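# Remarks on the overall topology
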Amino acid sequence: DVQGAEEAVVLAGMDTFRRCRPVMTIENPPEGVVKLLGEIGLKPYLFDGHSFRSYDWTYKNAIFATDEKLAAMQGAQPLPASTGAQVSGLSGTRAA
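All values derive from a computational prediction rather than experimental measurement. (Residues numbered from 1 in each chain as written. Predicted model: local features only at pLDDT ≥ 70, side-chain atom pairs only at ≥ 80, totals over all residues. Heavy atoms only, no water.)

## Some points on the pattern of salt bridges
Going through the model one piece at a time under the given rule, you end up with four salt bridges. The residue Arg18 makes a salt bridge to Asp15 at a minimum N-O spacing of 3.4 Å. Remark: Asp15 and Arg18 occur in helix 1 (residues 6-20); sequence separation between them is three residues, near one turn of the helix. Since its relative accessible area comes to 40%, Arg18 is described here as partly exposed. Two residues, Lys60 and Glu27, come together in a salt bridge whose shortest N-O distance is 3.1 Å. Here Glu27 lies in strand 1 (residues 24-27) and Lys60 lies in the loop between strand 3 (52-54) and strand 4 (61-65), a separation of 33 residues in the sequence. Using a relative accessible area of 48% as the deciding quantity, one classes Lys60 as partly exposed. (Salt bridge = Lys/Arg side-chain N within 4 Å of Asp/Glu carboxyl O. Helix = DSSP H or I, 4+ residues; strand = E, 2+ residues; numbered from the N terminus. Buried < 20%, exposed > 50% of the residue type's maximum accessible area, 1.4 Å probe, protein only.)

## What about the confidence of the model for the protein?
For the protein, per-residue confidence averages 82 on the pLDDT scale, and residues scoring 70 or more make up 79% of the total. Low pLDDT, under 50, characterises residues 84-96; the stretch is placed with 14 contacts to residues that sit more than four places away or in other chains. (pLDDT = per-residue confidence, 0-100. Contact = heavy atoms within 4.5 Å.)

## Focus on the nonpolar core
A general feature of soluble globular proteins is that nonpolar side chains tend to end up buried together. Among the nonpolar cores identified, the biggest contains 15 residues, and Val10, Met14, Phe17, Met24, Ile26, Leu37 and Phe64 are the most heavily contacted of them. Every residue in contact with Leu37, bar those within four places of it in the chain, is listed here: Val10, Met14, Phe17, Met24, Ile26, Leu42 and Phe64. (Core = buried A, V, L, I, M, F, W, Y, C linked by side-chain atoms within 4.5 Å.)

## Re unusual backbone geometry
With a phi angle near 50°, Arg21 is a residue other than glycine that sits in the positive phi range. Mapped onto the elements, Arg21 comes out in the loop between helix 1 and strand 1. The class of Arg21 is partly exposed, set by a relative accessible area of 28%.

## As for the sheet that holds strand 2 (residues 43-47)
With antiparallel pairing, four strands are arranged side by side in an open sheet as 1-4-2-3. Single-partner strands in this sheet number two, and they are strand 1 and strand 3. This sheet shows a mean twist of 45° between the axes of neighbouring strands, independent of strand direction. Pairing analysis gives three bridges linking strand 2 to strand 3, with the strands arranged antiparallel. Bridge pairing in strand 3 places Leu46 opposite Arg53. Packing against the sheet, helix 2 (residues 31-38) makes contact with strand 1, strand 2 and strand 4, and its axis sits at approximately 160° to strand 1. (Pairing = 2+ DSSP bridges. Axes fitted to C-alpha atoms, helices over the stretch in contact; angles between N-to-C directions.)

## Remarks on the pairing of strand 1
Side chains Met24 and Ile26 of strand 1 all project onto a buried face; the interleaved residues Thr25 and Glu27 project onto a face where none is buried. Summarising the sheet, strand 1 and strand 4 pair through four bridges and their orientation is antiparallel. Across the sheet, residue Thr25 finds its bridge partner in strand 4, namely Ile63.

This is the structure in structure tokens:
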């Protein structure tokens, strides 16, 4: 939580954001942050618990993602709720 310093944090991280295109959540994103991230292809969306849609400024949190990562998230299947769900890892499969 950066308590109002979102624009300064985004400016400081622009090289990394440009290179990595992370998915990130920003609380009450200022217009300057939306513009900066938009310049590198990160667009604001909201998640209503079921799907992503365009951010409309009536919600507190915005999820920033590229079109490609948004498409991947929309197509992802959630893990089963059971405690025995398996997660594929680099060194094999482990319990979640």
